[in-house]
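Letter by letter, the chains look like this.
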Amino acid sequence: MGLGGCLLLIAAGAILTFAADWEVSGLNLDVAGLIMMAVGLIGVAAYTSIARRRRAVVPPVAPTVVDPDPYEDHGRG
């Protein structure tokens, strides 16, 4: 699940918890919304942790310079 899915879970959970006043038998929408928000927050934390490790800066390797052989005839002379 990517960052967009996590944000969608948080938004849907907030809507269920704070904005919806529906009555569903056998389901408490406030608790379901809180669970969705918690899962979304855990997903965001995991995503940012993994993304931070992927973006670790590695110092560049110095390029290898090959000097031509000074004793080789290059057609000069």
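That block above? That's the structure.
Reading the values: the criteria
- Residues numbered from 1 in each chain as written.
- Predicted model: local features only at pLDDT ≥ 70, side-chain atom pairs only at ≥ 80, totals over all residues.
- Heavy atoms only, no water.
- Helix = DSSP H or I, 4+ residues; strand = E, 2+ residues; numbered from the N terminus.
- Contact = heavy atoms within 4.5 Å.
- Areas by Shrake-Rupley, 256 points an atom, 1.4 Å probe, with all protein chains shown as cover.
- Expected span 1.5 Å × (residues − 1).
- Buried < 20%, exposed > 50% of the residue type's maximum accessible area, 1.4 Å probe, protein only.
- Arc of directions from axis to C-beta.
- Polar contact = N/O pair within 3.5 Å; in protein donor to acceptor, adjacent residues only side chain to side chain.

Notes on the overall build of the chain
Along the chain, the regular secondary structure elements total two helices and zero strands. Counted over contacts in the chain with a minimum sequence separation of 6, partners at least 24 positions apart contribute 51%. When the accessible surface of the chain is split by element, carbon and sulfur atoms take 65% of a total near 6,600 Å².

Some words on helix H1 (residues 3-19)
The end-to-end C-alpha separation of H1 is 23 Å, in line with the 24 Å expected for 17 residues at 1.5 Å each. Three or more residues of H1 are buried, namely Cys 6, Gly 13, Leu 16 and Thr 17. Viewed end-on, H1 has its buried residues packed into an arc of 95 degrees, placing them on one side of the element. Among the exposed residues of H1, those pointing more than 90 degrees away from its buried face are Gly 4, Leu 8, Ile 15, Phe 18 and Ala 19. Where H1 is buried, its residues touch helix H2 (29-54).

Things to note about H2
Compared with the 38 Å implied by 1.5 Å per residue over 26 residues, the 37 Å span of H2 between its first and last C-alpha is a close match. For H2, the complete set of buried residues consists of Leu 29, Ala 32, Gly 33, Met 37, Gly 40, Gly 43 and Ala 51. Looking at the buried positions of H2, the neighbouring elements they touch are H1. Its side-chain oxygen at 3.2 Å from the backbone nitrogen of Asp 30, Asn 28 defines the N-terminal cap of H2.

A closer look at the side chain of Thr 17
Take Thr 17: it is sitting in helix H1. At 3.3 Å, the side chain of Thr 17 and the backbone nitrogen of Leu 34 are in polar contact. Excluding its chain neighbours within four sequence positions, the residues that come into contact with Thr 17 are Leu 29, Asp 30, Gly 33, Leu 34 and Met 37.

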